Each structure stands twice: as structure tokens, then as C-alpha cells.
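Fold and geometry: a report
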Amino acid sequence: MGESGRYMYAVTRGVEPAALGEVGLDGGPLEVVEEDGLAAVVSSVDLAEYGEDGLRRHLEDLEWLERVARAHDSVVQAVSRLGPVAPLRLATICLDEDGVRARLREWGTELRSALDRVADRVEWSVKVYMPGSVSRTVSVPDAEPARPADARRDRGLGTDYLRRKRTASDARRTAEEHGARVAAEIHEELARRSVAARVLAAQDPRLTGHEGTMTLNGAYLVAAADADAFAEHVEQLAGGYTEVRVESHGPWPPYSFATLEQP
């Protein structure tokens, strides 16, 4: 390894590295850097790969990004099993331990607030799909080319074409409005049973491979003791909406409620 830096995975309180049972990126051992009651879980990485120039080279490498994201998440998951965790953004790098401590001092107020907010709580993800993507284009057969002798017939064909196009457009708009109403109803119901809730941006099906139109990508912060009851409620709720597909995943570390908005 050339010049090394410190990769920051997450921040927690009072954790022993040996208790994590994980290794960091590229097999490096996990360490804990403490400052004013906060504990950053870190490992050493090669700055040739993870420094500014290295990251610039790798940002378009999906295989590299997936490997780093999986390792990052594995450490965050391990930390979450030992106490409250504030996951840090992918590729949060400091040059040395003094830099890590400086970050902890800089973000101290936000970190303490985040850890208090998620203590003994987990995150559930709930997604809602309308079956079959609602197309943004309408395929309506074109009218035949006009001929002078068929002017009257062509006028009829043109009127019929416009009518069918308007009907298809109305049907698409109705489906979109219905999907939005169903998503709002499900989100409101789950939010009432959560400590906190967020609506996230819909995911691109080209990246996730999901079928249908995603009308809800919701994140829900739930007391750890209520996690099973929340999952059961989602299942029951899904049964009442046969026109959509409801998927739930969790419990997870509370990424959506504790990750800092770092500059």
C-alpha cells in the first residue's frame, strides 16, 4: 500500500473494534477513533485508489462502486447491531486520525442529534408499484394518406384518430392519478405507525430491474421492538390494495434518518 488515508464508515458511541466481527475495505482491520463521546469506525485505505484522483477515476466504474458500497454497508450493519449508528456517505476519507477527530468535532452536534433520534430504532423500506409501466407515449395507428376522392372518409378517419388518442391520454392520466392516490394512502397509514417517515425519489427500473411504475419509495423509522408488528401491518395493508404490488424490506440501519448531509 502506498500513502494511506482513513476511510470513515459510521459514527456510534462506545464500541470495541473486536466486537464488530467485520473487516473493512480490501481486508483492512477496523479501528475506532474517539472524540468527545463519539466513536468513528474507520479502516486504512490506499489513497492511490480512494483519494481524490482515485475516486475520480472510479466513479464511473459500477463494479468498483458496488464492491465499495457492499463493504461499506457490511460495516454499518455490524455497527448497528451494537448500538445507534449514523452511517456516513460513501467514500468519506480523511488523511489521518487527526482529520477524523476534526470531522467528529465539526459534525458533533448533528451526530449526537442523529444518534439520539435513531437509538433503539430501525428502518423499513416500503415500495408500491402499479402493474405495467404507464407509458408516456401513446401508440395510435396513423390515418391513411389523404386522397382527393376520399376527403370525407379521411375527415372521419382523422376525427376517429384524435378521439382514440384523447381516450388513451385520458386513460393514462387516470391511471397515474389513481396510482398517486393509492401511494399517498399507504404512506399516510404507515407514517402514522412510525416514529418518522420519508418519501424518497422513485428508483430507475433500469438500475433496479423492477417491473411496473414505482409510485411510492417510502422509508419508515420504527422502534426496534415494533419491527415485527410493522412488517405484519404492511402485509395486511398490501392485501387491501389488489391493484398494486407492495414490497417491504428491513429492518435496516436507519440510513434515511441518520446519514449526515455532508458538504
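Read on for an overview of the structure.

Turning to the sheet that holds strand 5 (residues 121-130), a few remarks are in order. The 4 strands are arranged 6-7-5-8 in an open sheet whose pairing can be described as antiparallel. Sheet topology places strand 6 (196-199) and strand 8 (245-252) at the edges, where each strand pairs with a single neighbour. This sheet shows a mean twist of 20° between the axes of neighbouring strands, independent of strand direction. Where strand 6 meets strand 7 (residues 213-223), 4 bridges bridge the pair, whose relative direction is antiparallel. Each residue of the ladder has a partner; that of V199, found in strand 7, is G218.

All of the buried residues in helix 6 (residues 108-118) are G108, L111, A114, L115 and V118. Summarising the axial view, the buried residues of helix 6 lie within an arc of 130°, below the 170-degree limit, and thus occupy one face. What points out from helix 6, more than 90 degrees from its buried face, is the exposed set T109 and D116. A positive phi of about 60° marks D120, the residue just after helix 6.

What follows deals with unusual backbone geometry. Most peptide bonds adopt trans geometry, and most residues besides glycine take a negative phi value. The amide bond that connects G250 to the next residue, P251, takes the cis arrangement and shows omega of -5°. Phi at D26 is positive, roughly 60°, even though this residue is not glycine. Positive phi outside glycine occurs at D120, with the angle close to 60°. Residue D120 is classed as exposed on the basis of its relative accessible area, which comes to 67%.

Parameters and conventions
Residues numbered from 1 in each chain as written. Predicted model: local features only at pLDDT ≥ 70, side-chain atom pairs only at ≥ 80, totals over all residues. Heavy atoms only, no water. Pairing = 2+ DSSP bridges. Helix = DSSP H or I, 4+ residues; strand = E, 2+ residues; numbered from the N terminus. Axes fitted to C-alpha atoms, helices over the stretch in contact; angles between N-to-C directions. Buried < 20%, exposed > 50% of the residue type's maximum accessible area, 1.4 Å probe, protein only. Arc of directions from axis to C-beta.

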